[in-house]
Amino acid sequence: MTNNRYSIGLIIVAVGIILLLGKLGVFGFVWQLFWPVLILGAGLLLHALYFNRTLPSGILILAGILITISVLFLLCTLFGWGLMKYLWPGFLFAVAVGLYEYYVFDKHSPRETFFVAVGLTIVSGVLFGMTILFTVGITFIALILIAVGAYMMFNKRRSW
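Conventions adopted
- Residues numbered from 1 in each chain as written.
- Predicted model: local features only at pLDDT ≥ 70, side-chain atom pairs only at ≥ 80, totals over all residues.
- Heavy atoms only, no water.
- Helix = DSSP H or I, 4+ residues; strand = E, 2+ residues; numbered from the N terminus.
- Expected span 1.5 Å × (residues − 1).
- Buried < 20%, exposed > 50% of the residue type's maximum accessible area, 1.4 Å probe, protein only.
- Arc of directions from axis to C-beta.
- Phe/Tyr/Trp six-rings, centres within 6.5 Å; stacked < 30°, edge-to-face > 60°.
- Core = buried A, V, L, I, M, F, W, Y, C linked by side-chain atoms within 4.5 Å.
- Contact = heavy atoms within 4.5 Å.

Visitor: Which residues make up helix α3 (residues 36-51), and what values do they have?
Guide: The end-to-end C-alpha separation of α3 is 23 Å, in line with the 22 Å expected for 16 residues at 1.5 Å each. Those residues of α3 that fall on the buried side of the exposure criterion are Pro36, Gly43, Leu46, His47 and Tyr50. Here the buried residues of α3 occupy an arc of 100° about the axis, which is enough to place them on one side. Turned more than 90 degrees off the buried face of α3, the exposed positions are Leu38 and Leu45.

Listed below in structure tokens is the structure:
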């Protein structure tokens, strides 16, 4: 009987703590911060179902897209949605990841799938590079010029 009272008391205290944390907004904060983990979990579940031979290989395209997009969303929830102005080419890259997984794990996938995945990766990389260049490129150029000028000023060998 003492064990039973202890267990019931522990459950009541746990429920009280959960209610208090909910009232203080802790669960809202956690949900606001980590909702992309649900998308990540869906992608991992689809991978697990494929590797357990429950779902066909085409599901890997969706699984790869979900996992990649969940990483993008997680970065944006942690560091601010302003980061999306740099990460938007990641959506094209997500499709490339899904197609590449389909190509790798399905023996009967068309060979063109690989070329489409590589093409999307290249386009995504070029767009990402252009985004970085147009948004913070001047800062990088200025830093490189400062570093080269400082090196020329403080180099032991004088060439002029």
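Visitor: Residue-level account of the packing of aromatic side chains, with values.
Guide: We describe a pair of aromatic rings using the distance from one ring centre to the other and the angle between the two ring planes. Under the counting rule described, the total for this entry stands at 9 aromatic pairs. Considering the side-chain rings of tyrosine 50 and phenylalanine 51, the 5.0 Å spacing of their centres and the 65° angle between planes classify their relative orientation as edge-to-face. In this structure phenylalanine 51 comes out as partly exposed when scored by relative accessible area, which is 43%. Arranged with centres 6.2 Å apart and planes meeting at 50°, the rings of tyrosine 100 and phenylalanine 114 form a pair that is tilted. Taken together, the residues span a long stretch of sequence, with tyrosine 100 in helix α6 (residues 90-105) and phenylalanine 114 in helix α7 (residues 112-154) at a distance of 14 residues. By the ring-pair criterion, three or more aromatic residues cluster together here, those being Trp35, Phe73, Trp81 and Phe91.

Visitor: Can you explain the nonpolar core? Please cite residues and give values.
Guide: Listed in full, the 8 residues of the largest apolar core are Ile65, Ile69, Leu72, Phe73, Cys76, Met84, Leu87 and Ala94. Residue assignment for this core shows that the elements contributing at least two residues are α4 (59-79) and α5 (84-87). If you tally residues by element for this core, the top one is α4, at 5 residues. Beyond its immediate chain neighbours, meaning those up to four positions away, isoleucine 69 contacts Phe91 and Ala94.

The values reported here are purely geometric and, on their own, carry no functional implication.
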